[in-house]
Amino acid sequence: MKRPPFQPEYGAILNWRQDYEHLTWIGTIIGAHGLKGTLRVRPLTDTPEYYLNVDGLMLETKDELKSVEVEEISFASSQWRIRFSGIQNRNEAEALNGLRLLLADTELKPLEKDEVFLHRLVGLRVEDREGVNLGEVTGTLETGANLVYEVRLEGREYLLPASPGIVLDVDVEKGKLIIDPVPGLLDDASGDQSDVSF
């Protein structure tokens, strides 16, 4: 599986970002590096080295989605360092902080069997074997050992480990994540849980 999307603390950005049919969110600008306009970008892939030869990306701003030319790209300290044509100094680079970078799906590294881009899991409906609604995936976390889904159910939140005995099926096309809700799964959820039974 691919790495989960970075969750920036930019509420306004989250309100206007969009999904694009033939583009994939590949990274998020998280700051400037140095004084000459180099950007620090958090990759949303576990194979960031694969993209070191990319010539261009799509930059999503509040007003437009525009193509940007990559002049230089490297990978260090779990981040891409990217120079875009037209970005000349640190102030210009910092003005892009929090923005998303997207790449055409045709340029993505081919997925292996049973792999999926984790940002496409956000919004999946979580159900048990009988089709009972157990919430919606709102994000993902990496714990080192396992992937963990963040799930919201009627104002409550709980964490769902992506373990074979719990997650039975992930069907992105149908928008569903089927689980076996073992006892205690919702113990960490906030709020009243009296209306949820297993």
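Look above for the structure.
A brief structural summary. Throughout this description, residue numbers start from 1 for each chain and increase along the sequence as written. Selection of residues for local features in this predicted model requires a pLDDT of at least 70, selection of side-chain atom pairs for listing and counting requires 80 or more, and totals for whole chains, interfaces and linings are taken over all residues. As a rule here, side-chain values cover all heavy atoms of the structure and leave hydrogens and water aside.

What about the packing of aromatic side chains?
Here the distance between the centres and the angle between the planes together describe a pair of aromatic rings.
Alright, step 1. Only the six-membered ring of Trp is used, alongside the rings of Phe and Tyr, when aromatic pairs are assigned; centres must lie within 6.5 Å, and planes under 30 degrees apart are stacked while those over 60 apart are edge-to-face, with the rest tilted. Considering all chains together, one arrives at 2 aromatic pairs under this definition.
Alright, step 2. With centroids separated by 5.0 Å and ring planes inclined at 75°, the aromatic side chains of Y50 and Y51 adopt a geometry described as edge-to-face.
Alright, step 3. Each ring, one from Y51 and one from W80, has its centre 6.2 Å from the other, and the planes form 80°; the classification is edge-to-face. Of this pair, Y51 sits in the loop between β2 (38-43) and β3 (56-60) while W80 sits in strand β5 (residues 79-84); the two residues are 29 residues apart in sequence, bridging distant segments of the chain. Take Y51 and W80: they sit in the same class, and that class is buried. Put simply, DSSP H or I for four residues or longer makes a helix, DSSP E for two residues or longer makes a strand, and each gets a number counted from the N terminus. Three labels apply to residues, based on accessible area from a 1.4 Å probe with only protein chains included: buried if under 20% of the type maximum, exposed if over 50%, partly exposed otherwise in between.

Overview of the sheet that holds strand β11 (residues 167-171)
Alright, step 1. Following DSSP output, two strands are said to pair if at least two bridges run between them. The 6 strands lie next to each other as β10-β9-β8-β7-β12-β11, forming an open sheet whose pairing is mixed. Edge positions in the open sheet fall to β10 (156-161) and β11, since each of these has one partner strand only. Pairwise comparison of adjacent strand axes, ignoring direction, gives a mean angle of 30° for this sheet.
Alright, step 2. As defined by bridge partners, strand β7 (residues 125-127) adjoins strand β12 (residues 176-179) across 3 bridges and the pair is classed as parallel. Bridging across to β12, V126 finds its partner in L177. Lines fitted to the C-alpha atoms define the axes, with helices restricted to the stretch that makes contact. Angles between their N-to-C directions range from 0 to 180 degrees.

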